[in-house]
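Observations on chain architecture
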Amino acid sequence: MSQLMSQRANIKFCFKLGKTAAETLECLKTVYGDEALKKTAIYDWFKRFKNGQESLEDEERSGRPSTSKNDETIEKVKNLVQSDRRLHIQDMVNVLGISYGSVQNILKDDLGMRRVVQIATF
């Protein structure tokens, strides 16, 4: 069980014991130190449990899913890099039509590139 999930379980345990959120915060700080959840997170979980929620999992979030980082675009970025290693990120952005950050993340996270040339914009 991850540390986050164990803290949530401890919050639920304290809630069921009838402790307040402030008391729970102090207990978590004692046990987890600097790694303890912040005050607002603890109060949010207390509110959830008070409203009858039993799950320790996060609720699903609304919003658009990422469409620019998929297997197809990762392959396109890989092919661009293989065709010209001196290609700048901005050039890839212009060719692929996806954001600068998406290209940068694909290069670093998915393709494992460590040195990425960036153009300074003034």
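Residues numbered from 1 in each chain as written. Predicted model: local features only at pLDDT ≥ 70, side-chain atom pairs only at ≥ 80, totals over all residues. Heavy atoms only, no water.

The name given to the protein in an unreviewed UniProt entry is Protein GVQW3-like, with Sipha flava as the source organism.

Take the overall build of the protein next. Counting its regular elements, the protein contains 6 helices and 0 strands. Secondary structure elements of the protein, listed N to C terminal, follow the sequence α-α-α-α-α-α. A total of 122 residues make up the protein; the buried ones form 29% of that total. Considering only contacts in the protein between residues 6 or more positions apart, those separated by 24 or more positions represent 51%. (Helix = DSSP H or I, 4+ residues; strand = E, 2+ residues; numbered from the N terminus. Buried < 20%, exposed > 50% of the residue type's maximum accessible area, 1.4 Å probe, protein only. Contact = heavy atoms within 4.5 Å.)

Moving on, we come to the confidence of the model for the protein. Looking at the protein, the pLDDT average stands at 87 and 87% of residues meet or exceed 70. Per-element confidence in the protein is highest for helix H2 (residues 21-32), whose mean pLDDT is 95, and lowest for helix H6 (residues 100-110), whose mean pLDDT is 89. (pLDDT = per-residue confidence, 0-100.)

For side chains of opposite charge, pairing can occur when their charged atoms come near one another. According to the stated counting rule, one finds 4 salt bridges in the structure shown. Taking the shortest distance from any N to any O, the salt bridge between Glu54 and Lys16 comes out at 3.5 Å. Of this pair, Glu54 sits in the loop between helix H3 (39-50) and helix H4 (71-83) while Lys16 is found in helix H1 (residues 3-17), placing the two residues 38 residues apart along the sequence. Residue Lys16 is classed as exposed on the basis of its relative accessible area, which comes to 54%. For the salt bridge of Lys69 with Asp110, the shortest nitrogen-to-oxygen distance reads 3.4 Å. Here the residue Lys69 occupies a position in the loop between H3 and H4, and Asp110 occupies one in helix H6, the gap between them amounting to 41 residues. The exposure class of Lys69 is partly exposed, given its relative accessible area of 35%. On the accessibility criterion, Asp110 (37% relative accessible area) is partly exposed. Connected through shared salt-bridge partners, Lys12, Lys16 and Glu54 make up one network. (Salt bridge = Lys/Arg side-chain N within 4 Å of Asp/Glu carboxyl O.)

A few words now on the packing of aromatic side chains. Summed over the entire model, instances satisfying the criterion amount to 3 aromatic pairs. Measuring from ring centre to ring centre gives 5.5 Å for Phe15 and Phe46, while their planes differ by 85 degrees; the resulting arrangement is edge-to-face. One end of the pair, Phe15, is in helix H1; the other, Phe46, is in helix H3, with 31 residues separating them in the sequence. Of the residues examined, Phe15 reaches a relative accessible area of 27% and is grouped as partly exposed. (Phe/Tyr/Trp six-rings, centres within 6.5 Å; stacked < 30°, edge-to-face > 60°.)

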